[in-house]
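Understanding the architecture of this molecule
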Amino acid sequence: MVETETYTIEGPDGDVEEVELPEGLVDVFTEQGEEATNVVGDLVVQSFAQQAHVAVHHAEGDTPADLAELNEKMEELFEERFGLSLSDAMGHSH
């Protein structure tokens, strides 16, 4: 049986969420010398960037201006963290 390990996310208001992952799964995505918590953070940023992209570019109907602005900022944060644009990472752009 696979054990789990817990990562903790703390919000700006001090609220806390614990996330359990199968022990060793994060290691699959970790490069030599890289901290496991950085990998978890990378995946959080990647997930939010992809979900924001979908909400803005692949949803039916008009996109609210504030959501478009949030997506634009998320794309900037993605590029700062990974050194490439979200469009390049996903292999398509709009």
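Here, the structure is the one placed above.
Described below are features of the structure shown in this document. (Residues numbered from 1 in each chain as written. Predicted model: local features only at pLDDT ≥ 70, side-chain atom pairs only at ≥ 80, totals over all residues. Heavy atoms only, no water.)

**Brief notes about the overall build of the chain**
Along its length, the chain carries four helices and two strands. Starting at the N terminus and walking to the C terminus, you meet the elements of the chain as β-β-α-α-α-α. The C-alpha radius of gyration of the chain comes to 16 Å, more than 25% above the 12 Å expected for a compact globule of 94 residues. Expressed along its principal axes, the backbone C-alpha trace of the chain runs to roughly 45 × 30 × 25 Å. Every one of the 94 residues in the chain was classed for burial, and the buried ones make up 18%. Within the structure as shown, the chain displays about 7,100 Å² of accessible surface, and the carbon and sulfur contribution to it stands at 49%. (Helix = DSSP H or I, 4+ residues; strand = E, 2+ residues; numbered from the N terminus. Rg over C-alpha atoms; globule rule 2.2 N^0.38 Å. Buried < 20%, exposed > 50% of the residue type's maximum accessible area, 1.4 Å probe, protein only. Areas by Shrake-Rupley, 256 points an atom, 1.4 Å probe, with all protein chains shown as cover.)

**Describing the pairing of strand S1 (residues 4–10)**
Relative to strand S2 (residues 16–22), S1 runs antiparallel, the two sharing seven bridges. Paired with threonine 6 across the strands is glutamate 20, a residue of S2. Remark: five residues form the turn of the hairpin made by S1 and S2, two consecutive strands paired antiparallel; glycine 14 in that turn has positive phi of roughly 90 degrees. (Pairing = 2+ DSSP bridges.)

**Some words on the pattern of salt bridges**
Enumeration according to the criterion identifies two salt bridges in this entry. With a closest N to O distance of 2.5 Å, aspartate 42 and arginine 81 form a salt bridge. With a gap of 39 residues between them, aspartate 42 in helix H2 (residues 36–57) and arginine 81 in helix H3 (residues 65–82) connect regions that are remote in the sequence. (Salt bridge = Lys/Arg side-chain N within 4 Å of Asp/Glu carboxyl O.)

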